Amino acid sequence: MYNRQYDFISNKATMCYCNNLSTFDECCKPVITGLRQASSAEQLMRSRFSAYCTKDAEYILNTYASSQRAMHTTSDILQFANEVNFIKLDIIHAYSDSEYDYVEFKAHYLAGDKHCQLHEQSRFILENEKWKYLDGDLFESPEVKIGRNDICPCNSGKKFKKCHG
Ligand SMILES: [Zn+2]
Ligand SMILES: [Zn+2]
């Protein structure tokens, strides 16, 4: 059902895609399946990242703010999810002002032998007491070429050539 895109080392096999210290079943899956509501903007952001990893385009579409939803389609989302091989999520910080909640994060992904980052500050709002993703500002991020014998940036501890290379 959930198409795991990358090969974790065995003791990380059940960890959530969002790099939380719990399993996918306990962390993002219940939020994605609707069993549990995201209790914060950060939790919603994590669940959307995991939904990209599991290619759940419908969830991603449904968690856009209503004002944004018409600008996206599940096929566009799926296309992006299929193009990008996400390997890691770093939450930089989460904070709020009087109007919005913000999460700044780095979503690491691989494009061939390049390690790239989607570094974004996202804005979230509550709609009918549910957290929704409104929009985000992107930061410029470096692309780093990975050598075949370098340690893989996915944190597996393996050499790139034996992991994602
Ligand atoms: Zn998670
Ligand atoms: Zn790897």
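Because the structure is predicted, anything quoted here is derived from the model rather than measured.

Q: Describe the pairing of strand 3 (residues 114-127), naming the residues involved and giving the relevant values.
A: Where burial is concerned, most of strand 3 is hidden: 10 out of the 14 residues are buried. Relative to strand 3, strand 2 (residues 101-111) is paired through 11 bridges, and the arrangement is antiparallel. Paired with Asp101 across the strands is Phe124, a residue of strand 3. Between the end of strand 2 and the start of strand 3, which pair antiparallel, lie two residues, with Gly112 showing a positive phi angle near 60°. Bridge count for strand 3 against strand 5 (residues 144-145) is two bridges, and the pairing is antiparallel.

Q: Just give me the short version of the nonpolar core, but keep the residues and values in it.
A: Residues Phe49 and Phe124 are the most contacted members of the largest nonpolar core, which totals 32 residues. Listed by contribution, the elements that provide at least two residues to this core are helix 1 (29-32), helix 2 (41-53), helix 3 (57-62), helix 5 (74-83), strand 1 (85-96), strand 2 and strand 4 (130-139). Ranked by residues supplied to this core, first place goes to helix 2 with seven residues. For Phe49, the contacting residues outside a window of four places in its chain are Tyr17, Cys18, Phe86, Lys88, Leu89 and Ala107.

What counts, and at which threshold
- Residues numbered from 1 in each chain as written.
- Chains lettered and ligands numbered in written order.
- Predicted model: local features only at pLDDT ≥ 70, side-chain atom pairs only at ≥ 80, totals over all residues.
- Heavy atoms only, no water.
- Buried < 20%, exposed > 50% of the residue type's maximum accessible area, 1.4 Å probe, protein only.
- Helix = DSSP H or I, 4+ residues; strand = E, 2+ residues; numbered from the N terminus.
- Pairing = 2+ DSSP bridges.
- Core = buried A, V, L, I, M, F, W, Y, C linked by side-chain atoms within 4.5 Å.
- Contact = heavy atoms within 4.5 Å.

Geometric descriptors of this kind do not, in isolation, establish any biological role.
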